[in-house]
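Geometric and topological summary
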Amino acid sequence: MLELGGTFVLLGKHELNDPVQAGKLPIYFNPGYIEDYVFRPERNDLLDILAERGIAGKSVVDVGTGAGFIAIACARLGASPVYAVENDDYPFQHAEANFALNQVDVKLIRRFEDAGQVFDLVINNMNVLSSYLALLPSMAKAMKHDGSMFLEVDEQALHRQAITEQGIPHGMHLLEATMLTSGVKVVKKIKVSSREFWEVKHA
Amino acid sequence: MPNNAIQLWSPDTCDCMIHLAYDDTLPPDQRVFSYVTRDEAEAIIQARRNAGEQNINRNPQPPARSCPAHLAHGFTAVLLDKVRGENQRKNMALALAQNVVNTLSFANYSWSFDSSRVLQVRFMNISVTLQKKNQIQSACDIQFGPGLIQIN
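Turning our attention to the pattern of salt bridges. Scanning the model with the defined rule gives 19 salt bridges over all chains in all. Between Arg-195 of chain A and Glu-152 of chain A there is a salt bridge whose closest N-O contact spans 2.3 Å. Linking Arg-195 of chain A in strand E10 (residues 195–202) with Glu-152 of chain A in strand E8 (residues 143–153), this pair joins segments that are 43 residues apart in sequence. Between Arg-49 of chain B and Glu-42 of chain B there is a salt bridge, and its shortest N-O distance comes to 2.9 Å. Here Glu-42 of chain B falls in the buried class, since its relative accessible area comes to 15%. The network of salt bridges with common partners includes Asp-36, Arg-40, Glu-42, Arg-43, Glu-152, Asp-154 and Arg-195 of chain A.

Given below as structure tokens:
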């Protein structure tokens, strides 16, 4: 069992019957997923931000859910409905299995458009510039008029990606320009350890 | 495009040598590597020689090799699964350890596989508390399932 920030604990499938400390919310995980690490400090920070914010009753979509950590956490915090978007087959299968293991009601879809609704909260913690640039217009459209979007941003990593993948020196300028054309703006930057989480709203 | 290129892969986790086929028209981060036998690898390269490519290896593909620990798997896709799985486990265990102890580097990381192919991990020239070691062990058990990695 691993503590993930202040609210959640992570347990393996082999710990399914282990007692969970009072006041903690469990996230169970099927073994064998190799696309991401089960323990990442920056994801723990995001879980704390979501728990502190209080998202019970809010509609949430987790974009690029991977193995489904954030979507499971949102469901545990009482968000409803919770959607998880994952396009790649390998993580899709793991997310599906993890949602079943956790017995949470998360709707797993391939594309935003499959949800057919707008959300109070849109989350993307991929920290991948090309993904942010490509998905920001859709994420903006998927956000309610008074809704929020959370992006995980490691500026140094995004700068590196801008240079190596896009061939441009200023990834953050490009991200900000894409926000402008998508009709959204950053309203808050929450700095935690090496990462920032940007809260974005309609402009 | 079908797979048109071959890489002879030799991991740092054992002495196996395995032919992998891939599509070299794809960007490196999008390539999918598949197991092929030495004969299949040779056929892929021969097709390019036959097509008149000049900058293609003229030498026959070297034989694949299975180390003593993986002999039982024969020269099949299972061999690749096992060898790649161990290699990923070794790499991911380090990353998980670094996520728990952020001052830990590759130079502090000592690993070996025991006779049961359990990854034995030790940390050198750095003080890692028992609590942190337990955290790393938990992370490894959750990530891969228990009994595959031992943090010492």
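Taken residue by residue, the interface counts 19 residues in chain A and 15 residues in chain B. Summed over both partners, the interface of chain A with chain B buries about 1,400 Å², with 68% contributed by carbon and sulfur atoms. On the chain A side of the contact with chain B, Ile-34, Tyr-37 and Phe-39 of chain A bury the most area, a combined 39% of that side's loss. Between the two partners, chain A and chain B, sit zero salt bridges. Where chain A meets chain B, there are five residue pairs in polar contact (both at pLDDT 80 or more). Taken together, the residues of the side of chain A that touches chain B sort by class into twelve nonpolar, four polar and three charged.

So, on to the packing of helix H5 (residues 155–166) of chain A against helix H6 (residues 171–182) of chain A. Residue and element names in this part refer to chain A. Two elements in contact, H5 and H6, have axes separated by 8 Å at closest approach and are oriented at 95°. Between H5 and H6, the crossing angle belongs to the class labelled roughly perpendicular. Judged by residue contacts, Glu-155, Leu-158, His-159, Ala-162 and Gln-166 of H5 engage Gly-171, Met-172, Leu-174 and Leu-175 from H6. For the contact of H5 with H6, the per-class residue count stands at five nonpolar, three polar and one charged.

On to the pairing of strand E7 (residues 119–124) of chain A. For a regular strand, side-chain orientation follows a simple rule: the groups alternate between the two sheet faces. Residues and elements named next belong to chain A. Most of E7 sits inside the fold, with six of its six residues counted as buried. Bridge count for strand E4 (residues 60–63) against E7 is three bridges, and the pairing is parallel. Looking across to E7, one finds that Val-61 is bridged to Val-122. At this point the chain moves from E7, through helix H4 (residues 129–141), to the parallel E8, and the crossover so formed is right-handed.

Moving on: the sheet that holds strand E9 (residues 184–192) of chain A. Residue and element names in this part refer to chain A. Strand order in the open sheet made by the seven strands is E6-E5-E4-E7-E8-E10-E9, with mixed pairing throughout. Across the chains shown, the open sheet's two edge strands, defined by having one partner strand only, are strand E6 (106–109) and E9. For this sheet, the mean angle separating the axes of adjacent strands, direction not counted, is 20°. Pairing of strand E5 (residues 82–85) with E6 involves four bridges; the strand directions are parallel. Residue pairing in the sheet places Val-82 in a bridge with Val-106 of E6.

The next thing to look at is the sheet that holds strand E5 (residues 119–123) of chain B. Residue and element names in this part refer to chain B. Across the sheet, which stays open at both edges, the three strands sit in the order E4-E5-E6 with mixed pairing between neighbours. At either margin of the open sheet sits one strand with a lone partner, and together these are strand E4 (109–113) and strand E6 (149–151). When strand polarity is set aside, the average angle formed by the axes of neighbouring strands in this sheet is 20°. The sheet contacts of helix H3 (residues 130–144) involve E5 and E6, and relative to E6 the element is tilted by about 175°.

Attention shifts here to the domain arrangement of chain B. Residue and element names in this part refer to chain B. In terms of domain boundaries, chain B breaks down into domain 1 (5–71) and domain 2 (79–151). Listed per partner, the contact involves 14 residues of domain 1 and eleven residues of domain 2. Both sides together, the interface formed by domain 1 and domain 2 hides about 1,100 Å², and carbon and sulfur atoms give 68% of it. The three residues of domain 1 that bury the most area against domain 2 are Trp-9, Thr-13 and His-70, which together make up 48% of that side's buried surface. Counting the contacts that link domain 1 with domain 2 gives one salt bridge. Notably, a salt bridge pairs Lys-90 with Asp-12, separated by 2.9 Å at the nearest N-O pair. Between the two partners, domain 1 and domain 2, sit four residue pairs in polar contact (both at pLDDT 80 or more). Of all elements in the fold, only strand E2 (18–22) and strand E3 (34–35) reach the threshold of two or more residues within the side of domain 1 that touches domain 2.

Here we come to the environment of Gly-147 of chain A. All names here are of chain A. With respect to the helices, strands and loops of the structure, Gly-147 is situated in strand E8. In this structure Gly-147 comes out as buried when scored by relative accessible area, which is 2%. For the pair formed by Gly-147 and His-202, sequence separation is 55 residues and the distance between their alpha carbons is 7.7 Å. If near-sequence neighbours (up to four positions away) are discounted, Gly-147 is found in contact with Phe-119, Asp-120, Val-200 and Lys-201.

It is worth spelling out unusual backbone geometry at this point. Here Ser-80 of chain A and Pro-81 of chain A are connected by a cis peptide whose omega angle stands at -10°. Position of Pro-81 of chain A among the secondary structure elements: in the loop between helix H2 (69–76) and E5. The phi dihedral of Gln-103 of chain A falls on the positive side, at around 50°, and the residue is not glycine. Within the secondary structure layout, Gln-103 of chain A lies in the loop between helix H3 (89–102) and E6. Classification of Gln-103 of chain A as exposed rests on a relative accessible area of 73%. Located in the positive-phi region is Arg-117 of chain B, a residue other than glycine, with phi close to 65°. Mapped onto the fold, Arg-117 of chain B is located in the loop between E4 and E5.

Reading the values: the criteria
Residues numbered from 1 in each chain as written. Chains lettered and ligands numbered in written order. Predicted model: local features only at pLDDT ≥ 70, side-chain atom pairs only at ≥ 80, totals over all residues. Heavy atoms only, no water. Salt bridge = Lys/Arg side-chain N within 4 Å of Asp/Glu carboxyl O. Helix = DSSP H or I, 4+ residues; strand = E, 2+ residues; numbered from the N terminus. Buried < 20%, exposed > 50% of the residue type's maximum accessible area, 1.4 Å probe, protein only. Contact = heavy atoms within 4.5 Å. Buried area = accessible area lost by both parts, 1.4 Å probe. Polar contact = N/O pair within 3.5 Å; in protein donor to acceptor, adjacent residues only side chain to side chain. Nonpolar A, V, L, I, M, F, W, Y, C, P; charged D, E, K, R; others polar. Axes fitted to C-alpha atoms, helices over the stretch in contact; angles between N-to-C directions. Parallel < 35°, antiparallel > 145°, perpendicular 65-115°, else oblique. Pairing = 2+ DSSP bridges. Right-handed = clockwise from strand over helix to strand, strands pointing away. Domains from an automatic or database assignment.

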